[in-house]
Amino acid sequence: MLLGILKETALGETRVSLLPESLKSLLAQGIAITVESGAGAAAGASDQAYADAGAKVTADRAALLASADLLPMVNAPEAADQARLKPGCAVIGFLRPLDAPRALAAAIARPVTLFSMELVPRISRAQSMDALSSMATVAGYKAVIAAADRLPRLFPMLMTAAGTIPPARVFVIGAGVAGLQAIATARRLGAVVEAYDVRAAAGEQVRSLGAKFLDVDLGGIATEGGGGYAAELTEEALDRGRDLITRTAAHSDVIITTAQVPGRPAPRLIRRAAIEAMRPGSVLVDLAAPAGGNCELTQPGVEQNIGGVILLAPLNLPAEVPVHSSQLYARNILNFLALIVKKGELTVDLSDEVLAGACVAHNGSPVNPRVAKLLAPTHSSV
Ligand code: NAD
């Protein structure tokens with residue numbers, strides 16, 4: 001069996017799906033590994049390092065695609081690559097099956113198996129494969145660093161002979177994996193942190209990190225959907241959150257916003273009025289930008305200056321930390337591969353709940369019912 005490690009083609013992507021240090025256990029099972037030349041360069045892994053680890057290196061991407069039985073990737077393959085996939089192969093990566101299913105249509109129609117890291121069920125057994133959490137951790141950290149870098153103020157309180165500097169005030173919206181890491185990072189830098197989330201369970205975690213949790217009375221509606229995720233809220237409940245956010249923005253130097261509902265556009269929580277209430281020089285980092293953004297002024301991928309307030313809407317912060325992002329992702333991938341590779345052979349058992357949950361398509365048709373619905377001829381989106 002041949003495992004292929006491709007160079008990622010998405011603009012700005014620097015991560016690689018497996019690093020040289022990840023290959024040992026795979027090679028020990030008799031799996032052959034071929035790496036596309038330059039695949040790990042941006043993540044600090046040279047072709048030589050892969051060769052030293054026991055892989056072959058090739059510049060022929062098309063031939064690698066046509067011969068690989070197993071393709072761990074970071075992002076979904078492009079349409080031209082999808083057409084080249086070897087029948088019977090398995091592709092694993094952030095395939096975006098729910099927000100961009102049509103971009104995957106060519107691969108879904110092929111006699112291959114597609115696994116999406118976004119769909120790995122969030123159950124205890126699959127925690128070591130939870131790449132969403134790994135990347136959200138990196139993004140939450142990096143968002144705070146980016147904000148601290150742009151803020152014309154210091155984060156920590158300083159008592160000096162030249163006077164006292166008050167600590168920066170950071171407001172984190174959405175206290176999931178990214179939000180909690182943002183809180184922890186901002187606290188380590190000395191900021192005073194407040195946070196808001198619709199899930200009451202997040203309150204305890206926020207307080208344990210030394211931040212203040214802002215409660216909103218949402219009228220007793222259910223705020224938790226399945227799998228520990230938030231539910232999509234009514235406009236009325238969203239409005240109560242928006243009011244709190246506008247009030248809190250007025251005294252915040254930095255807002256890091258991370259609120260998401262899986263498979264849905266990000267909730268629009270930050271009104272223009274909230275940005276206008278912030279002091280000039282303040283910074284807002286919208287980590288929900290890939291899903292459209294939490295702020296109504298967000299333009300995904302574009303940096304804006306709105307009346308002196310900097311609005312950052314990064315689309316791929318993990319790619320700005322390629323070494324550790326790749327390291328974490330590679331471990332998630334390796335743990336996932338352990339479920340589908342038995343004694344060096346590809347063995348896809350869709351009765352396994354993790355594999356069934358993560359499987360987008362198998363042998364030419366969608367397995368995931370949400371993907372099937374999105375791709376049905378009557379469905380109009382994406
Ligand atoms: P996410 O990226 O989908 O959302 C980020 C946060 O935004 C969540 O905390 C969510 O509650 C919040 N949010 C959504 N709509 C909002 C709104 N209108 N207003 C304010 N906040 C809003 O979620 P995530 O960070 O990937 O994870 C969410 C939860 O799942 C967390 O509790 C996390 O600890 C848990 N989790 C569990 C496992 C597991 O294996 N059991 C693994 C990872 C995460």
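All values derive from a computational prediction rather than experimental measurement.

A.B. asks: Go over the state of the cysteines with me, naming the residues and quoting the values.
C.D. replies: On inspection of all chains with the given rule, the structure shows zero disulfides. Free cysteine: Cys359, not disulfide-bonded; nearest cysteine sulfur from Cys89 at 12 Å. On the accessibility criterion, Cys359 (0% relative accessible area) is buried.

A.B. asks: Before we move on, can you summarise the nonpolar core with the specific residues and values?
C.D. replies: Among the nonpolar cores identified, the biggest contains 39 residues, and Ile5 and Phe336 are the most heavily contacted of them. Counting residues per element, this core draws most heavily on helix α11 (residues 322–340), which supplies seven residues. Apart from the residues lying within four places of it in its own chain, the contact partners of Phe336 are Ile92, Phe115, Met117, Val120, Met129, Val354, Leu355 and Ala358. Ranked by size, the runner-up nonpolar core spans 31 residues in total, among them Ala175, Ala182, Ala202 and Phe213.

A.B. asks: An account of the site of the ligand is needed here, citing residue identities and associated values.
C.D. replies: Taken together, 23 residues form the shell around the ligand, and within it Arg122, Asp130, Val177, Asp197 and Arg199 come nearest. Contact distances for the ligand include 2.6 Å between an oxygen atom and a side-chain N or O atom of Asp197. In the environment of the ligand, an oxygen atom lies 3.4 Å from a nitrogen or oxygen atom belonging to the backbone of Gln260. Burial of the ligand by the surrounding chains reaches 85%, relative to a free accessible area of 840 Å². Split into classes, the residues belonging to the shell around the ligand amount to 12 nonpolar, seven polar and four charged.

A.B. asks: Lay out the packing of helix α6 (residues 131–150) against α11 with the relevant residues and their values.
C.D. replies: Packing of α6 against α11 brings their axes to within 9 Å, and their N-to-C directions diverge by 170°. Overall, the two elements α6 and α11 adopt an arrangement that is roughly antiparallel. Contact residues: α6 offers Ala131, Ser134, Met135 and Val138, while α11 offers Ser325, Leu328, Tyr329 and Asn332. Of the residues assigned to the contact of α6 with α11, the class counts are five nonpolar, three polar and no charged.

A.B. asks: Before we move on, can you summarise helix α8 (residues 201–208) with the specific residues and values?
C.D. replies: Taken residue by residue, α8 has Ala202, Gly203 and Val206 as its buried positions. Considered in projection along α8, the buried side chains sweep an arc of 105° and stay on one side of the axis. Set apart from the buried face of α8 by more than 90 degrees, the exposed residues are Glu204 and Ser208. At its buried positions, α8 is contacted by α7 (177–188), β10 (192–196) and β11 (212–213). Two residues or fewer past α8, Gly210 is found with a positive phi of approximately 85°.

A.B. asks: Could you give an account of the packing of aromatic side chains, naming the residues involved and the relevant values?
C.D. replies: Taken as a whole and assessed by the stated rule, the structure comprises two aromatic pairs. With a centroid separation of 5.3 Å and an interplanar angle of 25°, the aromatic rings of Phe94 and Tyr329 are classed as stacked. In this pair, Phe94 sits in strand β5 (residues 90–94) while Tyr329 sits in helix α11, placing the two residues 235 residues apart along the sequence. Side by side, Phe94 and Tyr329 carry an identical accessibility label, which is buried. Relative to Phe336, the ring of Phe115 lies with its centre 5.2 Å away and its plane at 65°, an arrangement referred to as edge-to-face. Placement of the pair is Phe115 in strand β6 (residues 113–116) and Phe336 in helix α11, with a sequence separation of 221 residues. The same class applies to Phe115 and to Phe336, which are both buried.

Definitions and cut-offs
Residues numbered from 1 in each chain as written. Predicted model: local features only at pLDDT ≥ 70, side-chain atom pairs only at ≥ 80, totals over all residues. Heavy atoms only, no water. Disulfide = S-S within 2.5 Å. Buried < 20%, exposed > 50% of the residue type's maximum accessible area, 1.4 Å probe, protein only. Core = buried A, V, L, I, M, F, W, Y, C linked by side-chain atoms within 4.5 Å. Helix = DSSP H or I, 4+ residues; strand = E, 2+ residues; numbered from the N terminus. Contact = heavy atoms within 4.5 Å. Near = heavy atom within 4 Å. Polar contact = N/O pair within 3.5 Å; in protein donor to acceptor, adjacent residues only side chain to side chain. Areas by Shrake-Rupley, 256 points an atom, 1.4 Å probe, with all protein chains shown as cover. Nonpolar A, V, L, I, M, F, W, Y, C, P; charged D, E, K, R; others polar. Axes fitted to C-alpha atoms, helices over the stretch in contact; angles between N-to-C directions. Parallel < 35°, antiparallel > 145°, perpendicular 65-115°, else oblique. Arc of directions from axis to C-beta. Phe/Tyr/Trp six-rings, centres within 6.5 Å; stacked < 30°, edge-to-face > 60°.

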